[in-house]
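What follows is the residue order along each chain.
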Amino acid sequence: MSKIGIILASDNRSKAYIQKLVFSEKKLDKIILLNDKKIELDYSENEIEISKKYGFDISKPVKEFLQEREISFKEFDFVDINHPELIKYVKNNQLDFYIFTGGGVLKKPILNSGTKFIHLHPGIVPQYRGSTCFYYSIINDDNCGVTAYVMDEKFVPKLDEINDFLKELKEI
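Attention in this report is confined to the structure presented alongside it. Treat the numbers as computed from the prediction; the structure is a model and nothing was measured.

Here the focus is the sheet that holds strand S3 (residues 74–76). The sheet built from six strands is open, its strands ordered S3-S2-S1-S4-S5-S6 with mixed pairing. Among the strands making up the open sheet, the edge pair consists of S3 and strand S6 (147–150). Adjacent strand axes in the sheet meet at a mean angle of 20° when their direction is disregarded. Looking at chain direction, strand S4 (residues 97–100) and strand S5 (residues 116–121) are connected through four bridges and run parallel. Within S5, the position partnered with phenylalanine 97 by the bridge is lysine 116. Its contacts with the sheet put helix H1 (residues 12–23) on strand S1 (4–9), strand S2 (30–34), S4 and S5, and the angle it makes with S1 is roughly 145°. Sheet strands in contact with helix H4 (residues 84–93) are S2, S3, S4 and S5, and its direction is about 180° off that of S2.

Following this line, the structure appears as structure tokens:
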């Protein structure tokens, strides 16, 4: 069975990823938190309730969520996905996959670290790319989707690897 980890940041996307994975009892072999210790936003009760309807609590910081559940994680005090210290850590842990939750473009050194990176892009590629893609898919198509792919230097989806990964994730 593949060894799978996740790289999180202190953002809402990471909150949703980790809470959904933990609540669905998916086991991760490693959790990395890139934490620049920025001040969390305050959310209205309405915003919090809306997030809870979708299965996560937007008001709960990633680090706090992990600590409350006594889930072990490695924390770095930077958010640079290409930081040499992170690359060294990833190389030393040799997982098969890391789920990359976003926050920068992976460059050659981390892509060549011996681990494959899976990204779940919030849009159907190639029609909707970039960080605001789901806005435009809703505006244009009244719908939105997700594209999962193994990242490489050209960001070409490797669907056979994704399908294998998703099968294993269901089995966990």
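Let us now look at the nonpolar core. One finds Ile32, Leu34, Ile81, Leu86, Tyr98, Leu106 and Phe117 to be the most contacted residues of the largest nonpolar core, which totals 19 residues. Among the secondary structure elements, those contributing two or more residues to this core are S2, H4, S4 and helix H5 (108–111). In terms of residue count, H4 provides more of this core than any other element does, four residues in total. Of all hydrophobic cores here, the second largest spans 16 residues; its members include Ile18, Leu28, Leu66 and Ile118.

With that out of the way, let us pick up unusual backbone geometry. Backbone geometry at lysine 37 places phi at a positive 60°, although glycine is not the residue there. By secondary structure assignment, the location of lysine 37 is in the loop between S2 and helix H2 (45–53). Here lysine 37 falls in the exposed class, since its relative accessible area comes to 51%. With a phi close to 55°, glutamate 70 is a non-glycine residue in the positive phi region. Its place among the elements puts glutamate 70 in the loop between helix H3 (62–68) and S3. Taking relative accessible area as the criterion, glutamate 70 reaches 74% and is therefore assigned exposed.

Now for H1. An ideal rise of 1.5 Å per residue puts 16 Å on 12 residues; H1 measures up with 16 Å between its terminal C-alpha atoms. Regarding H1, the residues found buried are Ser14, Lys15, Ala16, Tyr17, Ile18, Gln19 and Leu21.

Covered by surrounding structure in S4 are Phe97 and Ile99 together with Tyr98 and Phe100, the residues of both alternating faces. Sheet topology note: the S1/S4 ladder contains four bridges and is parallel. Note that in S4 the partner of isoleucine 4 across the bridge is phenylalanine 97.

For the rest of this paragraph, the subject is the environment of leucine 120. Here leucine 120 is to be found in strand S5. Along the chain, leucine 120 and phenylalanine 100 lie 20 residues apart, while their C-alpha atoms are 7.7 Å from each other. Not counting residues up to four positions away in its chain, the partners in contact with leucine 120 are Tyr17, Phe100, Val146, Thr147 and Ala148.

Let us now look at the pairing of S5. Across four bridges, the pairing between S5 and S6 is antiparallel. Bridged to histidine 119 within S6 is tyrosine 149.

The rules behind these values
Residues numbered from 1 in each chain as written. Predicted model: local features only at pLDDT ≥ 70, side-chain atom pairs only at ≥ 80, totals over all residues. Heavy atoms only, no water. Pairing = 2+ DSSP bridges. Helix = DSSP H or I, 4+ residues; strand = E, 2+ residues; numbered from the N terminus. Axes fitted to C-alpha atoms, helices over the stretch in contact; angles between N-to-C directions. Contact = heavy atoms within 4.5 Å. Core = buried A, V, L, I, M, F, W, Y, C linked by side-chain atoms within 4.5 Å. Buried < 20%, exposed > 50% of the residue type's maximum accessible area, 1.4 Å probe, protein only. Expected span 1.5 Å × (residues − 1).

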